Amino acid sequence: TVNDSGIVTLRWKSNKESDLQGYLIYFSNSPKAEFSGLVNTPMEDTLFFDTLSLRMLNRDVYYGIEAVDHRMNRSGMTAMVKVLRPDTLPPVEPVFRSYQVGDSFIRLVWFPSSSIDVTNQLLTRQNSATGEIITLKFKPTDSSYTDDALEAGQLYKYNLFALDESNNRSPIGTTLELKTYRNTFLNPVKGFNAVYDSLSRVVIIRWEIPELPAKKTIIYKGSSPETVSATPIPVKEDEHEAFDLRPKTGTTYYSVKIIFENGTQTLLSKPIGVTVR
């Protein structure tokens, strides 16, 4: 038997021969290697204690015993007894290799632990705003994970560590602090339309009132959908219409973009062509 401190207890039955002198004890770190003498002078007892080093990586230790008579004749060695060295050494920690950040996801890539007795790799994620921590479990060979459905513009902290067969925990490596991108671009405005009023000879541009408070609204125009560019056509605050007072003869395309007070903005609306004759 062996305890958590590495103390091995060997017991065996006593021989019955009258000329028995004692016992020799041998050990090896491999069943295929030559055994070395641990007790080289015959001992009379049938109880022996050995202390294993807990700093060695090999788990198996093998013991064998020989009986010796007064003429130093030796019996054959007993069948090998295998003892498992207590595992107190933590596994090597996994190491972050690279990452990719989006507005709603973070993809992590790492080098797995190199220790052969790892049973699980654990990834913790902390939401810096709420303090909430979740732990995700991975196989020893897993090396990537995409953390999706995250909040835009939020800071998250990640840590990696490994557990081995004896439930030893590796050190925690460098904490990875990553912030998702702010979702800057929103969908184009709804209900966008542009028509020519032939009576007043102006183009009227309208769209639905957005849900967020607008900081600035920009009207785009051009001779084709691909060439629309920003114009100085004024749009009053909180208004959802504008007027092109000097439209050119022919077909002109119009589009609109809104910049909001929180820094986000809509994508450019699909250009609409208006023909003036």
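Criteria and cut-off values
Residues numbered from 1 in each chain as written. Predicted model: local features only at pLDDT ≥ 70, side-chain atom pairs only at ≥ 80, totals over all residues. Heavy atoms only, no water. Pairing = 2+ DSSP bridges. Helix = DSSP H or I, 4+ residues; strand = E, 2+ residues; numbered from the N terminus. Axes fitted to C-alpha atoms, helices over the stretch in contact; angles between N-to-C directions. Buried < 20%, exposed > 50% of the residue type's maximum accessible area, 1.4 Å probe, protein only. Phe/Tyr/Trp six-rings, centres within 6.5 Å; stacked < 30°, edge-to-face > 60°.

1. Describing the sheet that holds strand E8 (residues 106-111)
On the basis of which strands lie adjacent, the open sheet formed by 3 strands has the order E7-E8-E11 and antiparallel pairing. Looking along the sheet, the strands with just one partner apiece sit at the ends: strand E7 (95-101) and strand E11 (144-147). For this sheet, the mean angle separating the axes of adjacent strands, direction not counted, is 20°. Direction of pairing for E7 relative to E8: antiparallel, over a ladder of 6 bridges. Residue pairing across strands places Ser-98 opposite Val-109, the latter belonging to E8.

2. So, the pairing of strand E19 (residues 241-244)
Burial of the side chains of E19 is restricted to one face: Ala-242 and Asp-244 are buried, whereas none of Glu-241 and Phe-243 on the reverse face is. With 4 bridges joining them, strand E16 (residues 202-206) and E19 adopt antiparallel strand pairing. The residue bridging Ile-205 from the neighbouring strand is Ala-242, located in E19.

3. Topic: the sheet that holds strand E15 (residues 193-197)
Across the sheet, which stays open at both edges, the 3 strands sit in the order E15-E16-E19 with antiparallel pairing between neighbours. Edge strands, defined here as strands with exactly one partner in the open sheet, are E15 and E19. Within the sheet, the average angular offset between the axes of one strand and its neighbour, ignoring direction, is 20°.

4. Comments concerning the packing of aromatic side chains
By the definition in use, this model includes 3 aromatic pairs. Here Trp-12 and Tyr-23 contribute two aromatic rings whose centre-to-centre distance is 5.5 Å and whose plane-to-plane angle is 75°, an arrangement assigned as edge-to-face. Highlighted residues: Trp-12 in the loop between strand E1 (7-11) and strand E2 (20-28) and Tyr-23 in strand E2, separated in sequence by 11 residues. You can call Tyr-23 buried: its relative accessible area is 1%. Summarising the aromatic geometry, the rings of Trp-110 and Phe-138 are spaced 5.3 Å apart at their centres and angled 70° between planes, so their arrangement reads as edge-to-face.

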